[in-house]
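Fold and contact review
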Amino acid sequence: MNLQLKPVIEIKGLTKRFGKFTAVDNIDMTVNECEIFGFLGPNGAGKSTALRIMTTLSKPTEGQVLISGYDVLKNPLAVKEQIGVVQQVVSFDRDLSLWDNMEMHARMHGFRGREAKEAVRKSLEYAGLLDFANVLSNDLSGGMRRIAQIVRALMHSPKIIFLDEPTTSLDAQTRRKIWSRIRLMREQGSTVILTTHYIEEAEALCDRVAIIHKGKIIAVGTPLELREQVGLWTVEYAAIGSDTEYKHFATEAQAKIFGVSLPDSKHVLKIRPSNLEDVFIEFTGTHVSEPPSGGKSLS
Amino acid sequence: MEKSITKKHPVVRFLSQSFTVLWSDLRFLRRFWKRTLWTSLMTPLLYLLAFGVGIAGMVTMEEGGGSYLAFVIPGIIAITAISTAYNASGNKLSVDKIFYKSFDEVMMAPLSTDAVAFGKGMVGVLRGILACGLFIILGMLMTNDFVVNWPFFAALMLSLLAFSFMGVAVGVIAKTHQDMSTFSSMVIMPMTFLCGTLFDPNIAPQWLQVILYSLPLTHSSTAMRAAVASGDIMWWSLAYMLIFAIICYIIARWQIKKLDF
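Throughout, a residue's number is its position along its own chain's written sequence, starting from 1. For naming, the first written chain is A and the first written ligand is 1, with later ones following in the order written. Where totals are concerned, whole chains, interfaces and linings use all residues; where local detail is concerned, this predicted model gives features only for residues with pLDDT of at least 70, and gives and counts side-chain atom pairs only at 80 or more. Just so you know, side-chain values use all the structure's heavy atoms and leave hydrogens and water out.

1. A few points about the overall build of chain A
Rules: Each helix corresponds to a stretch of at least 4 residues labelled H or I by DSSP, and each strand to a stretch of at least 2 residues labelled E; elements are numbered beginning at the N terminus. Taken over C-alpha atoms, the radius of gyration is set against a globule rule of 2.2 Å times the number of residues to the power 0.38. Burial here depends on accessible area, computed with a 1.4 Å probe over protein chains only, as a share of the maximum for the residue type. Under 20% is buried, over 50% is exposed, and the range in between is partly exposed.
When helices and strands are counted, chain A shows 10 helices and 13 strands. In terms of overall size, chain A behaves like a compact globule, its C-alpha atoms giving a radius of gyration of 21 Å where 299 residues would be expected to give roughly 19 Å. Its C-alpha atoms give chain A principal-axis dimensions of about 75 × 45 × 40 Å. Counting the 299 residues in chain A, one finds 55% classified as buried.

2. Concerning the pattern of salt bridges
The condition is simple: One side-chain nitrogen of Lys or Arg within 4 Å of one carboxyl oxygen of Asp or Glu is enough to make a salt bridge.
Across all of its chains, the model carries 22 salt bridges over all chains by this definition. A salt bridge links R176 of chain A to E200 of chain A; the shortest N-O distance between them is 3.1 Å. Pair noted here: R176 of chain A is in helix α6 (residues 172–187) and E200 of chain A is in helix α7 (residues 199–205), with a separation of 24 residues, a long-range link. Among the ionic pairs, R272 of chain A bridges to D278 of chain A, the shortest N-O distance being 2.7 Å. Considered together, R272 of chain A and D278 of chain A belong to a single accessibility category, that of buried residues. Linked through salt bridges whose partners overlap, the residues forming this network are D93 of chain A together with D25, K92, D96 and K120 of chain B.

3. Things to note about a nonpolar patch on the surface
Residue and element names in this part refer to chain B. Quick note on the threshold: Patch membership needs two things, relative accessible area over 30% and no salt bridge, and members are linked within 9 Å if like-charged or within 5 Å if nonpolar (Val, Leu, Ile, Met, Phe, Trp, Tyr). Note on areas: these come from Shrake-Rupley sampling with a 1.4 Å probe, and a residue is covered only by the protein chains present in the view.
A grouping of W38, M42, L46, L49, V53 and M142 is seen on the molecular surface, where their side chains present a nonpolar patch of about 630 Å² in accessible area. Looking at which element gives the most residues to the nonpolar patch, the answer is helix α2 (residues 33–54), with 5 residues. Position of M142 relative to the elements: it lies in helix α5 (residues 113–142). Since its relative accessible area comes to 35%, M142 is described here as partly exposed.

4. Things to note about unusual backbone geometry
Here E165 of chain A, not a glycine, exhibits a phi torsion of approximately 50 degrees, which is positive. Inspection of the secondary structure assignment puts E165 of chain A in the loop between β7 (160–164) and α6. Exposure remark for E165 of chain A: the relative accessible area of 1% places this residue in the buried category. With a phi angle near 65 degrees, K101 of chain B is a residue other than glycine that sits in the positive phi range. On the basis of relative accessibility, which here comes to 28%, the residue K101 of chain B falls in the partly exposed class.

5. Here's the deal with the environment of T61 of chain A
All names here are of chain A. For the record, the criterion: By the convention used here, residues are in contact when the closest approach between their heavy atoms is within 4.5 Å. Within 3.5 Å is the distance limit for a polar contact, defined as a pair of N or O atoms, with the added protein rule that one can donate a hydrogen and the other accept it, and that residues adjacent in sequence qualify only through two side-chain atoms.
Along the chain, T61 falls in the loop between α1 (47–54) and β4 (62–67). Separated by 202 residues in the primary sequence, T61 and P263 place their C-alpha atoms 53 Å from one another. Ignoring any residue separated from it by four or fewer positions in sequence, one finds T61 in contact with T15, K16 and R17. Within polar-contact distance, the side chain of T61 engages the backbone nitrogen of R17 at 2.8 Å.

6. Looking at the interface of chain A and chain B
The condition is simple: A quick way to say it: buried area is the sum, across both parts, of accessible area lost when two parts are put together, with a 1.4 Å probe.
Facing the 39 residues of chain A at the interface are 35 residues of chain B. The contact between chain A and chain B buries some 3500 Å² in all, and 55% of this surface belongs to carbon and sulfur atoms. For chain A, the biggest contributors to the area lost against chain B are L57, E81 and M108 of chain A; these three give 19% of the whole. If you look at where chain A meets chain B, you find 4 salt bridges. Ionic pairing is found between D100 of chain A and R27 of chain B, a salt bridge with its closest N-O pair at 3.1 Å. The interface formed by chain A and chain B holds 18 residue pairs in polar contact (both at pLDDT 80 or more) in total. Broken down by secondary-structure element, the contributors of at least two residues to the side of chain A that touches chain B are α2 (76–82), α3 (98–108) and α4 (113–127) of chain A. Counting residues per element, the side of chain A that touches chain B draws most heavily on α3 of chain A, which supplies 6 residues.

7. Comments concerning the sheet that holds strand β1 (residues 7–18) of chain A
Strand pairing in a sheet takes place through backbone hydrogen bonds and is either antiparallel or parallel in direction. Residues and elements named next belong to chain A. Definition in use: The criterion for strand pairing is that DSSP finds at least two bridges linking the strands in question. Here the axes come from fitting lines to C-alpha atoms, over the contacting stretch only for helices, and the angles between their N-to-C directions go from 0 to 180 degrees.
Taken in spatial order, the 4 strands of this open sheet run β2-β1-β4-β5, and their pairing is antiparallel. If you trace the sheet from one side to the other, it starts and ends with β2 (21–32) and β5 (70–71), each paired once. Here 5 bridges tie β1 to β4, and the two strands are oriented antiparallel to one another. Opposite I11, over in β4, you have V65 as the bridge partner. Its contacts with the sheet put α1 on β1, β2 and β4, and the angle it makes with β1 is roughly 120 degrees.

8. Section: helix α5 (residues 142–154) of chain A
This is how the line gets drawn: One less than the residue count of a helix, multiplied by 1.5 Å, gives the span that helix is expected to have.
If you check α5 of chain A, its first and last C-alpha atoms are 19 Å apart, about what 13 residues at 1.5 Å a residue would give, namely 18 Å. Most of α5 of chain A is tucked away, with 10 of its 13 residues classed as buried. Of the positions making up α5 of chain A, those classed as buried are R145, R146, I147, A148, Q149, I150, V151, R152, A153 and L154 of chain A. Against the buried residues of α5 of chain A lie β6 (83–86), α3, α4, β7 and α6 of chain A together with α4 (102–108) of chain B.

Okay, structure coming up:
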């Protein structure tokens, strides 16, 4: 894959406070063109809040966010012309049919008449939902609504696509379908920013990952770079009756040597490649699936 | 298929974007037109039955003052205008914002704040025209004393605009659906009964008249009634409602602009 290093998202000193609670705390980061960039962190870490600011829905307390060179506060209309957004929550008008929701989106992005209808038809056909076009969106299944939300966000061919927890609560088959669609978006020239608390998703999809915890970015890099920071191999071991312990090593050989050198009171449970969960635990002391203590859940 | 909608003339762009905002509500109306019309007409029909038919027989008007039915119909139309316009704009917007989250999609689309405020306001105006239009026809069938003219329509349109934009402003400000109900109970409902819709505000005590004439619905009902009764144009009332509509629009626009999800 040929990564171009032209920045399309530049964030400097971004902070968002709700009263005394700081949801996003002085974030600096850059996302490059044609990159799949992931925010990995537990619920309430500040991922969705950061995304809402990038998509103009929320306003930063401090700092600057540039999308394709446009400031989200000073030129929100230009920003909105660049982006497509899939929110974490289903955002359909439940009193309208699936078709009407899709056509509304087409119209809001400048399509008119026959052009709008053709764009809707193509999107629903791609999603395999053409037969459900006249069904009230309230009556669609969660998976159908999610896929429809994704193809809706892509209908106007945005340069940058934001996906907030795109596969939460979906079955494995639908999740894989969405992953291949996200990869296709990148191949077609879009930049993708997604939030997730699924380790597997971040590893499978993202070119680079930012690990976010209590509103701060604590590490950024490719999944491999992040794993290298803690060690590419992990030994899981435990004494009888006690919790599992983890130790990380640069090579598999080092991990195996550690395994055989353990005292008799401890035994190896597993020697395996490290993953982003190990990285997260190493940096934060908590699991990705645990909400941060004392934090207000924002997701 | 990439589109850019910022290259059109500003006025064309504003109108086009406003229509786009209105479009989803037109689709809603098309799907649920029977239910929507019946809901809008139920309250004024009950007022008409209670006051126009029930109480009318007990009320003696001043000599040359026409029938109480002809007196009360413009008031009921003013009530229909306020309730339909406010509820159509405000309730739908608050549901879209709080429950469906579909208003987020509008806010993330490249549409100007003016187009969003105006488009959302037009929902109330349109539904108000439908409900009041039917009621006007019904009123004309019920009594020959009820004749409409352009000053009446001017007052009606200004009322619809004012209360639609009020609905937009309240719908945007409301954080829960309870906020909408609270505003309705504390502001809309008292105005419905007190603002000269069912009685002449000039018979109220002086101190109460000061309060009543500061409320827009009083000007709406008196302007409509004067137009129907004598063809008089209540310029001051029309100007008051125009200013009120502009203020409501500015507040709605301001609230949309400062929305922080």
